[in-house]
Amino acid sequence: MVGFQSENMPGNNKYNEYNNSGASSVERFVEGAAAAAKALSNGYKREDGKPFRQRLLVVANRLPVSAVRKGEDSWSLEISAGGLVSALLGVKEFEARWIGWAGVNVPDEVGQKTLTEALAEKRCIPVFLTEEIVHQYYNGYCNNILWPLFHYLGLPQEDRLATTRGFQSQFESYQVANQMFADVVNEVYEEGDIVWCHDYHLMFLPQCLKKFNNKMKVGWFLHTPFPSSEIHRTLPSRTELLRAVLAADLVGFHTYDYARHFVSACTRILGLEATPEGVEDQGKMTRVAAFPIGIDSERFIRALGSSEVQGPIKDLQERFKGRKVMLGVDRLDMIKGIPQKLLAFEKFLEENVDWRDKVVLLQIAVPTRTDVPEYQKLTSQVHEIVGRINGRFGSLTAVPIHHLDRTLDFYGLCALYAVTDVALVTSLRDGMNLVSYEFVACQEKKKGVLILSEFAGAAQSLGAGALLVNPWNITKVAEAISKALNMPSAEREKRHRHNFHHVTTHTAQEWAETFVSELNDTVVEAQLRTKQVPPRLPADKAIEQYLTSTNRLLILGFNGTLTEPVERKGDQLKEMELSVHPELKLPLTKLCSDPNTTVVVLSGSDRQILDENFKEYDTWLAAENGMFLNSSNGEWMTTMPEQLNMEWVDSVKHIFEYFTERTPRSHFEEREASLVWNYRHADVEFGKLQARDMLQHLCTGPISNASVEVVQGSRSVEVRAAGVTKGAAIDRILGEIVHCKSMTTPIDYVLCIGHFLAKQDEDIYDFFEPEPSCFGASLQRSKLTEAAKFANEKVSPMKIPSGKNGFKSTNQNKGQRPVSNSPKKTSNIFSRTVRKPAPEKITWNVLDLKKENYFSCAVGRTQTNARFTLPSPDEVAEFLKELANASSHNN
Ligand SMILES: O=P(O)(O)OC[C@H]1O[C@H](O[C@H]2O[C@H](CO)[C@@H](O)[C@H](O)[C@H]2O)[C@H](O)[C@@H](O)[C@@H]1O
Ligand SMILES: O=c1ccn([C@@H]2O[C@H](COP(=O)(O)OP(=O)(O)O)[C@@H](O)[C@H]2O)c(=O)[nH]1
């Protein structure tokens, strides 16, 4: 015996839910939306005085109503079952429109036209998917691939005999279907609208929408779990899906765990940067956050008092008099753990003979995705188990399990929730599970017990009051059933209080409002960030000014500026040494050989690396952020300031050693004025965790009182003596260059390009700044040397002062750490200090720099003090090529 269905069972009407005025919830929802729209256009306010909000386009695979064709041009609309629809029906604050599939194939024009009209009354806009697309996209890619994968059930094996089960063809249909949704959104969209895309069906949608209109405010919310990145990485189209989602402005999940998994998939699989706000890709920020959904609890509480619910409550109480009622309400889906639930109940009955005729389990199993073979198999499996248990423990007049393969209406469900003593939710994985919320909302009188799977998102919010179980552990679930049925009323009351408070204060309305307001804020913040992003380097202008200048200075960073693009293997950087971009050889040679141009490569790298990479060019090298200088004759000298406190080095080294030993493929470099721990070749995720720990150790230990700066790079941690910055070194470097080259005319053109660290090294841009830039140059000014201050005060020209902190005397290093080159690091052993120019000799203005002759440019950064930006070393190479060509034609 599979089940038992009473004639009087509540909710036999599977169509619309009616209230006293005879309107369905969809109609009420839609009427609310229509009223909102009207009020908006009339400038009205809502009853509670708040203004109406902007238009919200809710795009989900399924509309809140499914259409059933009654004739060529007549349709009846039923509410679609499922958590997403339930949650969004609770949202009444917006002038909302739904865009989605009506759950029916409508190939003919008449049908499409009439259904569109019928749905328009409900503010729903249909996306017409063909039967083949539905098969491949919905049954195939969504429900046979993404759904099981996201719920940790793994990928199905690709079936070579059935072409429809190939990943690739299903994925292509998925993309086509997403584009079909996008086309409808694009048609309906008006400026200022918010587009909220829902769920795993529409992961491609954000990208399609942004491609069409980059200004659209696009949010994406996932209703299922997002699995560990190790699961996601098994998906053949893992990269495309992540990238498509990242096109959204805001990406939301039910729990922090899911959000964290998503961010880690982006860092590990795509190699992107995680920030506290989300994920960053070349300056484009996607905000990632947790927004736990809720229900419209008021609607349930109100319904309990209505005659539509009170009637069925009485019937149910009468029918199950003398027995405790246990309830399961699930779509008949493998993630819901229905077989596990039944087996646990069977075990409970086996072990608790006295309870056999005193308890009944009502299991509502809503048919779902019935075209997918796995779901068909599940139905038979469940029927078989129910039959066996009822056969074993049933009598002529009663069975322990009442199993219904059908949908109940809202009132029927409320009545069931209200009469239940123990609700049993055993999902193997579940994004949230609204049934558990709904049960709690209906239990103010009875204060029944919720047994809840620890693998449902709801466990994180209702865990305080529920009995949490691992559904795979049948023995423990059986024990929980026993505990729940025997729980004293005081404990039930206490547990219920916790959960009722949560359910009634974290509602669907609040969920949607928070998401939408966060989306608005995210877009505003992004706009602000974009406004602060300096423009791209104007190559033509920079070249034109270069050609008309007579004494030019080019300051070029190395790593991330002149280097080859970095390759990745999976989530790892390819092991390789830094080397000059191959396309730069010729242009660099040309530029360096121009007698009117001085090229300085200014880098954080050590002397050896610069020697190895630049020995063939006639260029100045400034290693370790300018602490060492090498004129083109190959002799290194130090520019280190006096009084550098290096007492912290040993203890920091100790910590660096500790982390290096524990982080495979990381290493640290000991430099003269700094220590750098580098994890660019280590596992990105692990490296970041280690870096975080390391920072904590450093800050609470050796550097807590030391005069140092900690510089966090994208894959490194560097500790430097305070004051060791490129900006601070440049005046000493300039003095040496002027002297060495016996310059007699001022520098009248400066191009300073680098992937310099924002806080610590961008003072170099400000050093040359003839006018305070609008991008925050002033931030760094207080740190500048006298020479730089002088430069800032005057539009031009600038005189390099001698003295104080400008240049060091030749015997300045007494009592300091020795400044010799470490022999193992460089073959170029000799090091001397930069000479101190005689003040009387530099009486003229070294810099004669006008605003239009100064080009500071940040590479691969958008938050910068520089005047201009270039996105990558490739573009730097391109620009320097053009510059070198123009210059050689000019000569
Ligand atoms: O539309 P169907 O394919 O029949 O499936 C029904 C819905 O199932 C999923 O619901 C999820 O959303 C709930 C609300 O956020 C959440 O509580 C639950 O844990 C999820 O399973 C699916 O995500 C929806 O898109 C489907 O419409
Ligand atoms: O006969 C039924 C059974 C369930 N539901 C609704 O379906 C939703 C199920 O949501 P849940 O989050 O628990 O899981 P999902 O089915 O979305 O995975 C709940 O709002 C239920 O009220 C319904 O309308 N009729």
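Reading guide: rules and limits
- Residues numbered from 1 in each chain as written.
- Chains lettered and ligands numbered in written order.
- Predicted model: local features only at pLDDT ≥ 70, side-chain atom pairs only at ≥ 80, totals over all residues.
- Heavy atoms only, no water.
- Helix = DSSP H or I, 4+ residues; strand = E, 2+ residues; numbered from the N terminus.
- Expected span 1.5 Å × (residues − 1).
- Buried < 20%, exposed > 50% of the residue type's maximum accessible area, 1.4 Å probe, protein only.
- Arc of directions from axis to C-beta.
- Contact = heavy atoms within 4.5 Å.
- Near = heavy atom within 4 Å.
- Polar contact = N/O pair within 3.5 Å; in protein donor to acceptor, adjacent residues only side chain to side chain.
- Nonpolar A, V, L, I, M, F, W, Y, C, P; charged D, E, K, R; others polar.
- Salt bridge = Lys/Arg side-chain N within 4 Å of Asp/Glu carboxyl O.

## Observations concerning helix α23 (residues 649-662)
Between its first and last C-alpha atoms α23 spans 20 Å; for 14 residues at 1.5 Å apiece the expected length is 20 Å, and the two agree. Every buried residue of α23 is listed here: V649, V652, I655, F656, F659 and T660. End-on view of α23: buried residues confined to an arc of 135°, all on one side of the axis. Of the residues in α23, the exposed ones pointing more than 90 degrees away from the buried face are D650, H654 and E661. Next to the buried residues of α23 lie β25 (667-670), β26 (674-678), α24 (684-700) and β28 (716-721).

## So, the site of ligand 1
Surveying the vicinity of ligand 1 reveals 20 residues, the closest of which are R62, Y138, D199, H223 and D430. The separation between an oxygen atom of ligand 1 and a polar main-chain atom of G431 is 3.1 Å. Those elements that provide at least two residues to the shell around ligand 1 are α2 (83-89) and α4 (131-150). Split by residue class, the shell around ligand 1 holds 7 nonpolar, 8 polar and 5 charged.

## A look at the side chain of Q443
Structurally, Q443 can be placed in the loop between α15 (434-441) and β16 (449-453). With a relative accessible area of 0%, Q443 lands in the buried category. Apart from residues lying up to four places away in sequence, Q443 is in contact with Y417, A418, T420, G448 and H496.

## Let's talk about the pattern of salt bridges
As enumerated under the stated definition, the model contains 42 salt bridges in all. Notably, a salt bridge pairs R233 with E230, separated by 3.2 Å at the nearest N-O pair. Among the ionic pairs, R268 bridges to D683, the shortest N-O distance being 3.0 Å. In this pair, R268 sits in helix α9 (residues 256-269) while D683 sits in the loop between β26 and α24, placing the two residues 415 residues apart along the sequence. By relative accessible area, R268 is classed as buried at 18%. A relative accessible area of 22% means that D683 is categorised as partly exposed. Here the salt bridges share partners, and the residues they tie into one network are E346, E350, R388 and R392.

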